[in-house]
Amino acid sequence: MTTTTRPALLAPDGILSALEGVAFATDDDGTIVAVGGRNWDAALARDGGGAEYGSHAVVGRNMFDVIQGEDVARRYRDWMRALRYERADVAFTYRCDAPHERRELRMAITRVERDGRHAGFLFHSTALSSARRPPIDLFDVEAQLAARRAALKKPHVTLCSFCHAVHDGVREIGSWLTPEAYYAAGGSSDVRISHGVCPDCTTSLPG
């Protein structure tokens, strides 16, 4: 009989794979302890993500090591802190676009208990809608990784991690624009991207 240090009620991979969408569980500190590998890897392959983010590679890593943008990480930490002491789940909609596809998803973050005590968190993301569109290179994962590896000096834009609004602080073509409006105003894909939270999402997201 094998033993494990994983808390028993932090759902095993097979259960998470049976859920619709993508799901993963963390311990109290945000270390990933289980991933719905089948759906996770299918989503990764569809979007061109690298093997370093595959389901087997992320288990044991802390989710905050891969979340991009300190404002985004702070928002997740706030939600997790609140869930430690409250039983109400956190749920919100967000964008997760691909170059040729506009996608809206729903994220639910749930407190997980063991023996009546808080043990960790379940993150469960499901698709709400998707629509094809002309390609937008800002969402090309491989292109972003190549640009980081090349360490080129390029103009900087901020991408909201929740609605995908774009802020161009260099040429000041606007405040926060939809990706389509960003390109219509002359925005370029030849940029460095950081992730943050736009003012609208700052006020509309839960707690």
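Here is a short report on the structure shown in this document. (Residues numbered from 1 in each chain as written. Predicted model: local features only at pLDDT ≥ 70, side-chain atom pairs only at ≥ 80, totals over all residues. Heavy atoms only, no water.)

1. What to know about helix α4 (residues 70-85)
With 16 residues, α4 ought to run about 22 Å at 1.5 Å a step, and its terminal C-alpha atoms sit 23 Å apart, in line with that. Within α4 the residues assigned to the buried category are V72, A73, R75, Y76, W79, M80 and L83. The arc that holds every buried residue of α4, seen down its axis, measures 155°, which confines them to one face. In the core, the buried residues of α4 are packed alongside β1 (22-27), β3 (90-95), β4 (101-114), β5 (117-132), β9 (192-196) and α7 (199-204). (Helix = DSSP H or I, 4+ residues; strand = E, 2+ residues; numbered from the N terminus. Expected span 1.5 Å × (residues − 1). Buried < 20%, exposed > 50% of the residue type's maximum accessible area, 1.4 Å probe, protein only. Arc of directions from axis to C-beta. Contact = heavy atoms within 4.5 Å.)

2. A look at the sheet that holds β4
Judged by pairing direction, the sheet is antiparallel, and its five strands sit side by side in the order β2-β1-β5-β4-β3 without closing on themselves. Two strands in the sheet have a free side with no partner beyond their single neighbour: β2 (32-35) and β3. Strand after strand, the sheet turns through a mean of 20° between neighbouring axes, direction not considered. Relative to β2, β1 runs antiparallel, the two being bridged by three bridges. (Pairing = 2+ DSSP bridges. Axes fitted to C-alpha atoms, helices over the stretch in contact; angles between N-to-C directions.)

3. Regarding the nonpolar core
One recurring pattern in soluble globular proteins: nonpolar side chains tend to sit buried together. Among the nonpolar cores identified, the biggest contains 28 residues, and M63, Y76, W79, F92, I109, F123 and F162 are the most heavily contacted of them. Breaking this core down by element, the ones donating at least two residues are β2, α4, β3, β4 and β5. Top contributing element to this core by residue count: α4, with six residues. Setting aside chain neighbours within four positions, we find F162 in contact with V72, R75, Y76, W79, F92, T93, Y94, R95, V197, C201 and L205. In terms of nonpolar packing, the next biggest core, distinct from the first, is built from six residues, L159, V166, L177 and V191 among them. (Core = buried A, V, L, I, M, F, W, Y, C linked by side-chain atoms within 4.5 Å.)

4. Regarding the sheet that holds strand β8 (residues 176-177)
The sheet built from four strands is open, its strands ordered β8-β7-β6-β9 with mixed pairing. Looking at the sheet topology across the chains shown, the edges are occupied by β8 and β9. In this structure, strand β6 (residues 156-160) lies alongside β9, joined through five bridges in parallel fashion. Pairing of V157 across the sheet is with I193, part of β9.

5. Section: the pairing of β1
Relative to β5, β1 runs antiparallel, the two sharing six bridges. Opposite A23, over in β5, you have H124 as the bridge partner. In this antiparallel pair of consecutive strands, β1 and β2, the connection spans four residues, and G30 shows a positive phi of 95°.

These values are about where atoms sit, not about what they do.
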